[in-house]
Amino acid sequence: MTKEVSVREIMSDWFFLHFDPIVNVGTTKTPMYVVDSSWLLGVYEKSIGKDIGDDFDGYVEFSDKFVDEYNATGDVELALEKVMK
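Residues numbered from 1 in each chain as written. Predicted model: local features only at pLDDT ≥ 70, side-chain atom pairs only at ≥ 80, totals over all residues. Heavy atoms only, no water.

Q: Teacher, can you tell me more about the side chain of S63 here?
A: Among the secondary structure elements, S63 is positioned in helix α4 (residues 57–73). At a separation of 3.0 Å, a polar atom in the side chain of S63 contacts the main-chain carbonyl oxygen of V60. (Helix = DSSP H or I, 4+ residues; strand = E, 2+ residues; numbered from the N terminus. Polar contact = N/O pair within 3.5 Å; in protein donor to acceptor, adjacent residues only side chain to side chain.)

Q: Can you walk me through helix α5 (residues 76–83) in this structure?
A: Residue pairs three or four apart in sequence face the same way in an α-helix, which turns once every 3.6 residues. Listing the buried residues of α5 in full gives V76, A79, L80 and V83. Taken around the axis of α5, the buried residues stretch over an arc of 100°, which confines them to a single face. Where α5 begins, the side chain of D75 points an oxygen toward the backbone nitrogen of E77, at a separation of 3.1 Å. (Buried < 20%, exposed > 50% of the residue type's maximum accessible area, 1.4 Å probe, protein only. Arc of directions from axis to C-beta.)

Q: Any chance you could explain the nonpolar core here in plain terms?
A: Generally speaking, soluble globular proteins have nonpolar side chains that are buried together. Membership of the largest hydrophobic core comes to 16 residues, with the highest contact counts inside it found for W39, F62, F66, V76 and L80. Only α3 (37–48), α4 and α5 provide two or more residues apiece to this core. Element by element, the count of residues in this core is highest for α3, at 5 residues. (Core = buried A, V, L, I, M, F, W, Y, C linked by side-chain atoms within 4.5 Å.)

Taken by themselves, the reported measurements are silent on function.
Laid out in structure tokens, this is it:
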């Protein structure tokens, strides 16, 4: 990543603060979570300090890591902290 930005900085932005990026499209008994890709793309762009352009390889890696960390922790901020290390 080209820009050092903290998770706290990202999450303090109004858009990221007031938006729940994880949606349960399943049931309470059998949950199935979906991540909003526009939110995740915004977080990625903010973390690298520029627009993504046509280079999606970094974004795909970032989103895969985020999903893995979220599945392990169940916490958006903690998952972002681990991905952005």
